[in-house]
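An overview of the molecular structure
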Amino acid sequence: MFTIDHNPALMRLAVNIDHIATLRNARNEFEPDPVAAALLAEKSGAAGIVCHLREDRRHIRDNDLQRLRRAVTTKLDLEMAMTSEMQRIALQTKPELITLVPEKREELTTEGGFNIKAHYSTLVEFLKPFKTAGIESSIFIEPDKNAIDLSAKAGADLVELHTGSYALKANDDERARELQRIHAAAIYAKSIGLKVVAGHGLNYLNISPFKEITEIEEVSIGHAIIAHAVFIGLDAAVKELIRIIQ
Ligand code: PXP
């Protein structure tokens, strides 16, 4: 499936196209089309496309997911809640990767990492069919050693480290401390055999220090890229972000 030859030494960018669908849904018609955005993002150098099929379908809808599956040739990452409905859809759709995220109806975006301790035994059973189907699984967690250990024990292939707290810190010292926490978590996760990616709240200004965290293979970015694309176009917005991380 992987058609673009990305240099493994360079950090990759996965582009989340949910907010193209948010804009489309504002009119409930056809434009802009998230699938067209995905193809353009891939052409501009994205190593993967991310979408979150929410229970309330507020952005990506079932039909978008099917069309994305047919169109995406790099890597499709389906973010989803740990529900039987999502498990069924994901196993039918066969993305290359699923990312388990906590989901609350009332939130504006994903708040906080997956509470792996509270859901551990369900999680173990939940992940098994994905392994059988050859679909990689990732868990969106806080940069925390216990969460990393439990992710590995539950059978996840990757962890996505939540960078939301880092992104929200207004104070330089606090931000540097949070970055250190992310770096330590990335080193630890890699040392126990997990692949490591990161995301949430990353943008053109706060992403630079991540270049130094070589354990993080990929960053997953949505809002900042789509917001920038409104002014400079998606091709330029994707390329600009890739230039910064590589
Ligand atoms: N990673 C995960 C697991 C997410 O839920 C999101 C938001 O959908 C992102 C990354 C991207 O976050 P942002 O839109 O802030 O770049």
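With that out of the way, let us pick up the packing of aromatic side chains. Per the stated rule, a full pass over the model turns up two aromatic pairs. Geometrically, the ring pair formed by phenylalanine 126 and phenylalanine 130 is tilted, given 5.8 Å between the ring centres and 40° between the ring planes. Remark: phenylalanine 130 and phenylalanine 126 occur in helix H5 (residues 120–133); sequence separation between them is four residues, near one turn of the helix. With a centroid separation of 5.2 Å and 80° between ring planes, the pair formed by tyrosine 166 and phenylalanine 210 is classed as edge-to-face. Placement of tyrosine 166 in helix H7 (residues 164–168) and of phenylalanine 210 in the loop between strand E7 (195–199) and strand E8 (218–221) is noted, with a sequence separation of 44 residues between them. By relative accessible area, which is 0% here, phenylalanine 210 ends up buried.

This part covers unusual backbone geometry. Residue proline 32 is reached from glutamate 31 by a cis peptide bond, and omega for that bond is -5°. Tracing the sequence through the fold places proline 32 in the loop between helix H1 (18–27) and helix H2 (34–43). One non-glycine residue with positive phi stands out, namely arginine 57, at about 55°. Relative to the helices and strands, arginine 57 resides in the loop between strand E2 (48–52) and helix H3 (62–71).

The rules we used
- Residues numbered from 1 in each chain as written.
- Predicted model: local features only at pLDDT ≥ 70, side-chain atom pairs only at ≥ 80, totals over all residues.
- Heavy atoms only, no water.
- Phe/Tyr/Trp six-rings, centres within 6.5 Å; stacked < 30°, edge-to-face > 60°.
- Helix = DSSP H or I, 4+ residues; strand = E, 2+ residues; numbered from the N terminus.
- Buried < 20%, exposed > 50% of the residue type's maximum accessible area, 1.4 Å probe, protein only.

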